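Topology and contacts: notes
Listed below are the residues making up each chain.
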Amino acid sequence: MNPAAPTRYRVLFVCMGNICRSPTAHGVFEAQVRKAGLSDRIEVDSAGTHSYHVGAPPDHRSQAHAIRRGYDLSTQRARQLTARDFDTFDLVLVMDWDNLALAETLCPPQHAKKLRRFAEFFQRHDSPVVPDPYQGGSAGFEHVLDLVEDGSAGLLAHVKRQLEPPRSA
């Protein structure tokens, strides 16, 4: 039960450069939101803790693996996480411990509860993080998609609960 259900819920995915993991999570979760008929109530975005790739599209390998599973990441462009994102978004989900530590330095204390690891929403996989596939091969990108699809299902269930109207006593 949610005592003050919002009309909209905003989710931000965060990795290091915003070209592999977070745009993949952005695309997969956005597709699940659309399939659930909740695009008018759930907003999805992604960002990176570093400014390495600002303005760049997702890594071509991320895009290639995602499109094989029906997710189009081509319209996304990398941007850097800002302190203002914690005002804007209801949930800021980081991909690993390093991203968590870096995001914590930007997060205003009053928004600390918004900052979590995406892995907390995994239902079938037992991993504390979504590992960075950038330096690896195809198997790494496929593993990221497996984790992201799993986490997106758990996350969608969580967000749906947040959007439920309060129940009368």
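Everything that follows concerns the structure shown earlier in this document.
Notes on the structure follow. (Residues numbered from 1 in each chain as written. Predicted model: local features only at pLDDT ≥ 70, side-chain atom pairs only at ≥ 80, totals over all residues. Heavy atoms only, no water.)

**Section: the pattern of salt bridges**
It is possible for side chains bearing opposite charge to pair when their charged atoms get close. Counted by the stated rule, this structure contains 12 salt bridges. Between Glu43 and Arg8 there is a salt bridge whose closest N-O contact spans 3.7 Å. Here Arg8 lies in the segment before strand S1 (9-15) and Glu43 lies in strand S2 (residues 42-48), a separation of 35 residues in the sequence. A salt bridge links Asp45 to Arg79, with the shortest nitrogen-to-oxygen separation between them at 3.2 Å. (Salt bridge = Lys/Arg side-chain N within 4 Å of Asp/Glu carboxyl O. Helix = DSSP H or I, 4+ residues; strand = E, 2+ residues; numbered from the N terminus.)

**What about the packing of helix H2 (residues 60-68) against helix H5 (residues 138-163)?**
The geometry of a pair of packed helices is captured by two quantities: the angle between their axes and the separation between those axes. Their axes nearest at 10 Å, the elements H2 and H5 cross at an angle of 55°. Relative to H5, the element H2 is oriented oblique. The two elements H2 and H5 cross, and the hand of that crossing is right-handed. Taken together, the residues of H5 that come into contact with H2 (itself represented by Arg61, Ser62, His65, Ala66 and Arg68) are Ser138, Phe141, Glu142 and Leu145. Each residue belonging to the contact of H2 with H5 can be placed in one class, and the counts come to 3 nonpolar, 3 polar and 3 charged. (Axes fitted to C-alpha atoms, helices over the stretch in contact; angles between N-to-C directions. Parallel < 35°, antiparallel > 145°, perpendicular 65-115°, else oblique. Left-handed = near helix turned anticlockwise from the far one by under 90°. Contact = heavy atoms within 4.5 Å. Nonpolar A, V, L, I, M, F, W, Y, C, P; charged D, E, K, R; others polar.)

**Considerations on the sheet that holds strand S4 (residues 115-117)**
With parallel pairing, the 4 strands of this open sheet are ordered in space as S2-S1-S3-S4. What marks the edges here is a single partner per strand, and that holds for S2 and S4. Each neighbouring strand pair of the sheet contributes to a mean axis angle of 25°, computed without reference to strand direction. Sheet analysis places S1 next to S2, joined by 7 bridges and oriented parallel. Opposite Cys15, over in S2, you have Gly48 as the bridge partner. Those strands touched by helix H4 (residues 97-106) are S1, strand S3 (91-94) and S4, and its axis lies near 175° from that of S4. (Pairing = 2+ DSSP bridges.)

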